[in-house]
Structure formats: C-alpha cells, structure tokens
Amino acid sequence: MSSPDTPRPAGAADERDDLWEVGGLTLRSRVLLGTSRYPSLQSLLDSVEASGTELVTVGVRRVDLAGGDGATLLGALRQRDGAGGRPLHLLPNTAGCFTAREAVLTAQLAREALETDRIKLEVIGDDETLHPDPIELVKAAGELVADGFEVFAYCGDDPITAKRLADLGCAAVMPLGAPIGSGMGLTNPYALRILREILPDVPLVVDAGIGTASDAALAMELGYEGILLNTAVAGAERPPQMAAAMRHAVEAGRLAYRAGRIPRRLYAEASTPEEGRIELGP
C-alpha cells in the first residue's frame, strides 16, 4: 500500500495540488470515513490508512468519549493523528437523534468531551428509510451555527432544504446519494447536479448510499468536494481494499471533473478527419 508521500505519475489526482477548505480545516484528502460496524478495530485502522482520509466521523452515542488509550476507538484514532505526516481530525456526529433538541444537546456534549466545534448534524425523521427530517434539521442547524459550531449537515437531495442550510452558514451541506447503508449509489444524480449548480460556492459532500468505487467516482465527476463513506467500506468483504479502491475512485472522479469531460452527443462524431481519405476509382 502506498503512503500519501509516495511519488505518483504526472497528471495523477494528487491531493497536494488540490487542497480544499471546510469547517476551518484545509484538507488534501476528499474521502471522509465513518468508523462504525467494522469487523475489528484493526480493520478500521487499516481502512483509515488505506483511504488516505484526514477526517473521520465518530458517533457520540456509540463511543466512549473518555477513552484515551490505543485499545479504544478514540484512543486508537488519536494515536493515528500526525502519523506519517498526515493529520487525522475527528468529526463527531449526532446519529440516532430524532429531534432538534436531541441533536443540539448531543453536539454540545461532543464539543465538551472532544474539544471540537465541528459536528456532523443528523436529525432522522423515519426509522425505515433513515431520511433526515428537514424541519428539525434546519432548526438544529440554525441553533448550532448561532452557538459557534462548524456544522456539516446531512440532508436529502431537496434543493430548498439544502439552500436553507447553506444560507444559515453551515460549513458543508451533505446530501444523500441513496438511503443510509443501502449501497444503491446515486439514485438521483440529476438532483445532485442541481444542488451543485445552485450552491456553487458551498462545500458539498455526498453522504450515504455509496456502494462501490464507481459510485464515488460519479459523485466526484459532478463536482462535489468530497464523499463520506461508512457501510460501503465497513461492510465490504475486505474493508481496507475497498477503502483503497474508494480513494482511487475519488481521485479519478475529481481529476475527470477538473479535466472537463466532452459533451454528450446523440449521434457519432468521427475522430478521424474527412480530409486525406483515399479516393477509389469506379
């Protein structure tokens, strides 16, 4: 497995020449990685390394916030911070919250325990689909932004909700590609394209629904700043290998977006010019 400092071929989507800023951070990697449901702690740590991520999410309700040694999730992640010259930042999330009040209290607990103002805001509205509740989400986002939080807001692909979150001052708007954990990929890429068009200056991160590397590449080709992954990696047969695949896919998709793809055409267009064709006699 190559390290972030391994030389790459000319033209490769090297994170070092394409930094991005979000929530007060300047990042090289455009992979954000969740930390739940891995078969083992070592599998998670290997996946973190293979993905190249610099920002990992932790469920405030699922982890021991006081854990500091390498045998705990938080302790192991903190030990990785700065290893190999790469930072590893924590992004606590409010997973499991169903009201704005729950989410705000959870965020405040995370800030006190983890000493960070960054929070991934999730306010779920339905047990079956795990779709966000847009009303409670916007309410919580407004309170948290006013309280000085850098809010990474998980939302649906509805442009009205996304714009309201951006107008409130959220650090990032994170629309779903498909329901959480479904692996269905981008079920509505047209909606995601609309969000990119109406929010050209807001960091957009596809969150939820990614199933495999091609899904991640497609999302990046739409011009999104990053991808947040969890189940697609943690649930794979070999999580570290999938994490590496996702890293390469995100880099490829980003490079393709920056390169500027050719327009789609209904009919063929010959790549060989008409001039110089051999003329045959009768």
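Whatever comes next refers back to the structure up there.
Since we're looking at a predicted model, the values are computed, not measured.

J.: Where do I start with the overall build of the chain in this structure?
T.: Regarding its fold elements, the chain presents 9 helices and 10 strands. The long-range share in the chain, meaning contacts at least 24 apart out of those at least 6 apart in sequence, stands at 63%. As displayed, the chain has an accessible area near 14,100 Å², and 51% of this comes from carbon and sulfur atoms.

J.: Help me out: how do you make sense of the state of the cysteines in this one?
T.: Between two cysteines, a covalent bond joining their sulfur atoms is known as a disulfide. What the rule picks out here adds up to 0 disulfides. Here Cys155 stays unpaired: no disulfide links it, and the sulfur of Cys170, its closest cysteine neighbor, is 8.7 Å away. Looking at Cys155, the relative accessible area reads 0%, which means it is buried.

J.: Sorry if this is basic, but what is going on with unusual backbone geometry here?
T.: Outside of glycine, negative phi angles account for most residues, and trans bonds account for most peptide bonds. For Leu130, which is not a glycine, the phi torsion comes out positive at approximately 60°. The exposure class assigned to Leu130 is partly exposed, which follows from its relative accessible area of 27%. Of note in the backbone geometry, Ala208 takes a positive phi value of approximately 95° without being a glycine. Turning to its location among the elements, Ala208 is positioned in the loop between strand 9 (205–207) and helix 7 (213–221). Exposure remark for Ala208: the relative accessible area of 10% places this residue in the buried category.

J.: Quick question: what am I supposed to make of the pairing of strand 5 (residues 89–93) here?
T.: As a general feature of sheets, a regular strand has side chains that alternate between the two faces. Within strand 5, 4 of the 5 residues are buried, which leaves it mostly tucked inside the rest of the structure. In terms of strand pairing, strand 4 (residues 55–59) meets strand 5 through 5 bridges, oriented parallel. When the sheet's bridge partners are listed, Thr57 is paired in strand 5 with Leu91.

J.: Mind showing me how you'd approach helix 1 (residues 41–51) here?
T.: Since the α-helix turns once every 3.6 residues, residues separated by three or four places project in the same direction. Listed as buried for helix 1 are Ser43, Leu44, Leu45, Ser47, Val48, Ala50 and Ser51. Contacts from the buried residues of helix 1 go to strand 3 (31–34), strand 4, helix 2 (73–80), helix 8 (231–234) and helix 9 (239–259).

J.: What am I meant to see in the nonpolar core here?
T.: If you look at soluble globular proteins, the nonpolar side chains tend to sit buried side by side. If you look at the biggest cluster of nonpolar residues, it comprises 65 residues, and the most contacted ones within it are Leu77, Leu121 and Ile227. The leading source of residues in this core is helix 3 (residues 100–114), at 6 residues. Setting aside its immediate chain neighbours within four residues, Ile227 contacts Arg30, Val31, Leu32, Val205, Val206, Ile210, Ala216, Ala219, Met220 and Val250. One finds Leu27, Phe152, Ala171 and Ala172 within the second-largest nonpolar core, a separate group that totals 13 residues.

J.: How should I be thinking about the pattern of salt bridges in this particular structure?
T.: It is possible for side chains bearing opposite charge to pair when their charged atoms get close. If you walk through the whole model with that rule in mind, you get 12 salt bridges. The partner of Glu251 in a salt bridge is Arg247, with the nearest N and O atoms 3.5 Å apart. Here Glu251 pairs with Arg247, and both are found in helix 9, just 4 residues apart, close to one helical turn. Accessibility classification places Glu251 together with Arg247 in one group, the buried group. If you follow the salt bridges from partner to partner, you end up with Asp18, Arg30, Arg254 and Arg258 in one network.

J.: What exactly am I supposed to notice about the pairing of strand 7 (residues 150–155) here?
T.: Counting buried positions along strand 7 gives 5 out of 6 residues, so the element sits mostly inside the fold. Bridge count for strand 6 (residues 118–121) against strand 7 is 4 bridges, and the pairing is parallel. Across the sheet, the residue bridging to Ile119 is Val151, located in strand 7. Between the parallel pair strand 6 and strand 7, the chain is carried across by helix 4 (residues 134–146), and the sense of this crossover is right-handed. Pairing analysis gives 4 bridges linking strand 7 to strand 8 (residues 172–175), with the strands arranged parallel. When the sheet's bridge partners are listed, Tyr154 is paired in strand 8 with Met174. With helix 5 (residues 159–168) bridging strand 7 and the parallel strand 8, this β-α-β connection has right-handed handedness.

J.: What should I look at first to understand the packing of helix 1 against helix 9 in this one?
T.: Packed helix pairs are specified by the crossing angle of their axes together with the interaxial distance, meaning the distance between the axes. Look at helix 1 against helix 9: their axes get within 8 Å of each other, and the N-to-C directions meet at 20°. When the interaxial angle is binned, helix 1 and helix 9 end up roughly parallel. Handedness of the crossing formed by helix 1 with helix 9: right-handed. For the pair formed by helix 1 and helix 9, the contact residues are Ser43, Asp46, Ser47, Glu49, Ala50 and Ser51 on the first element and Pro239, Pro240, Ala243, Ala244 and Arg247 on the second. Looking at the contact of helix 1 with helix 9 residue by residue, the classes come out as 5 nonpolar, 3 polar and 3 charged.

Thresholds applied
Once a new chain begins, its residue numbering starts again from 1 and follows that chain's sequence as written. Side-chain atom pairs in this predicted model are given and counted only at pLDDT of 80 or more, local residue features only at pLDDT of at least 70, and totals for whole chains, interfaces and linings cover all residues. Side-chain figures throughout are based on the complete set of non-hydrogen atoms in the structure, without hydrogens or water. Helix and strand definitions follow DSSP, with helices as H or I runs of at least four residues and strands as E runs of at least two, each counted in order from the N terminus. By the convention used here, residues are in contact when the closest approach between their heavy atoms is within 4.5 Å. Shrake-Rupley sampling with a 1.4 Å probe provides the accessible areas, and residues are treated as covered by the protein chains on show and by no other component. The criterion for a disulfide is a pair of cysteine sulfur atoms lying within 2.5 Å. For the exposure calls, accessible area comes from a 1.4 Å probe over protein chains only, and a residue counts as buried if that area is under 20% of its type's maximum, exposed if over 50%, partly exposed in between. Pairing between two strands is assigned when DSSP locates at least 2 bridges connecting them. The criterion is simple. A nonpolar core is a set of buried Ala, Val, Leu, Ile, Met, Phe, Trp, Tyr and Cys residues joined through side-chain atoms within 4.5 Å. By definition, a salt bridge exists where a carboxyl oxygen of Asp or Glu is found within 4 Å of a side-chain nitrogen of Lys or Arg. Place the viewer so that the strands point away; then a crossover is right-handed whenever the path from the first strand over the helix to the second strand goes clockwise. Angles here are taken between N-to-C directions and fall from 0 to 180 degrees, while the axes themselves are lines fitted to C-alpha atoms, restricted in helices to the stretch in contact. Each angle gets one of four labels, with under 35 degrees taken as roughly parallel, over 145 as roughly antiparallel, 65 to 115 as roughly perpendicular, and the rest as oblique. By definition, any crossing whose near helix is turned counterclockwise from its far helix by less than a right angle is left-handed, and any crossing with a clockwise turn is right-handed. Charged means Asp, Glu, Lys or Arg here, nonpolar means Ala, Val, Leu, Ile, Met, Phe, Trp, Tyr, Cys or Pro, and polar covers whatever is left, Gly included.

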